[in-house]
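Examining the three-dimensional arrangement
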Amino acid sequence: MLKEPSVSMVEEKARKYMALIEAEPGHVSDNFNTLHYYSLDNITEFLYGRYGSTSALEGSESHRALIGDILDPSRRKLSWFTVHLNTVTKWLYSRTKTMETVVQPLLPMQEPATYTGIREFALQAYRRFRSDMETSEKEGGRALEEAEGSSILERL
């Protein structure tokens, strides 16, 4: 039986956030980055649970690098184009071969343009989940029935 996401998950991440702040010299932190780490760790735990929760608050550089997808300044430019010139933007990114080379300088953000690190991370979490599912099916379903996951992925 799956349990509901508990406050304890959020409390645990809040404790880790406070520990991160306390470890900073003079207890001064770059809130913009550290709050992104806090959000990333909470969201990935809620979505992927044991299959892909991040540990940016604990200092994992590879997990912290996932934030780079969001913070890339060219993302704002792409977002503006997508909102205000949606049809043109879709057309620009759908060009291939010679035309792709011609339009490349006009692209609001060079390809790949959309959250490649975060998407790859999510795909890896899903692959781990599918592998567990396949193993569980071979073993008669016991492994997943015994797991007490509360992530969205584990509810599939």
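Let us look at the structure shown here. (Residues numbered from 1 in each chain as written. Predicted model: local features only at pLDDT ≥ 70, side-chain atom pairs only at ≥ 80, totals over all residues. Heavy atoms only, no water.)

For the rest of this paragraph, the subject is the overall build of the protein. Scanning the protein for helices and strands turns up nine helices and zero strands. When the elements of the protein are put in sequence order from the N terminus, they spell out α-α-α-α-α-α-α-α-α. (Helix = DSSP H or I, 4+ residues; strand = E, 2+ residues; numbered from the N terminus.)

Moving on, we get to the layout of surface pockets. The calculated volume of the second largest pocket comes to roughly 170 Å³. Lining the second largest pocket, in full, are His-36, Ser-39, Leu-40, Ile-43, Thr-44, Leu-47, Tyr-48, Leu-66, Ile-67, Ile-70, Ile-118 and Phe-121. Elements that contribute at least two residues to the lining of the second largest pocket include exactly helix H2 (31-48) and helix H8 (116-138). With seven residues, the top contributor of residues to the lining of the second largest pocket is H2. Each residue belonging to the lining of the second largest pocket can be placed in one class, and the counts come to nine nonpolar, three polar and no charged. (1 Å grid on protein atoms, 1.4 Å probe; cavity = no way out; pocket = protein on both sides within 12 Å on 5 of 7 lines; lining within 4 Å. Points joined across faces, edges and corners; volume = space filled by probe spheres on them. Nonpolar A, V, L, I, M, F, W, Y, C, P; charged D, E, K, R; others polar.)

On to the pattern of salt bridges, then. According to the stated counting rule, one finds five salt bridges in the structure shown. A salt bridge links Asp-132 to Arg-50; the shortest N-O distance between them is 3.5 Å. Highlighted residues: Asp-132 in helix H8 and Arg-50 in the loop between H2 and helix H3 (61-65), separated in sequence by 82 residues. Judged by its relative accessible area of 26%, Asp-132 falls in the partly exposed class. Accessibility expressed as a relative area gives 52% for Arg-50, which makes it exposed. (Salt bridge = Lys/Arg side-chain N within 4 Å of Asp/Glu carboxyl O. Buried < 20%, exposed > 50% of the residue type's maximum accessible area, 1.4 Å probe, protein only.)

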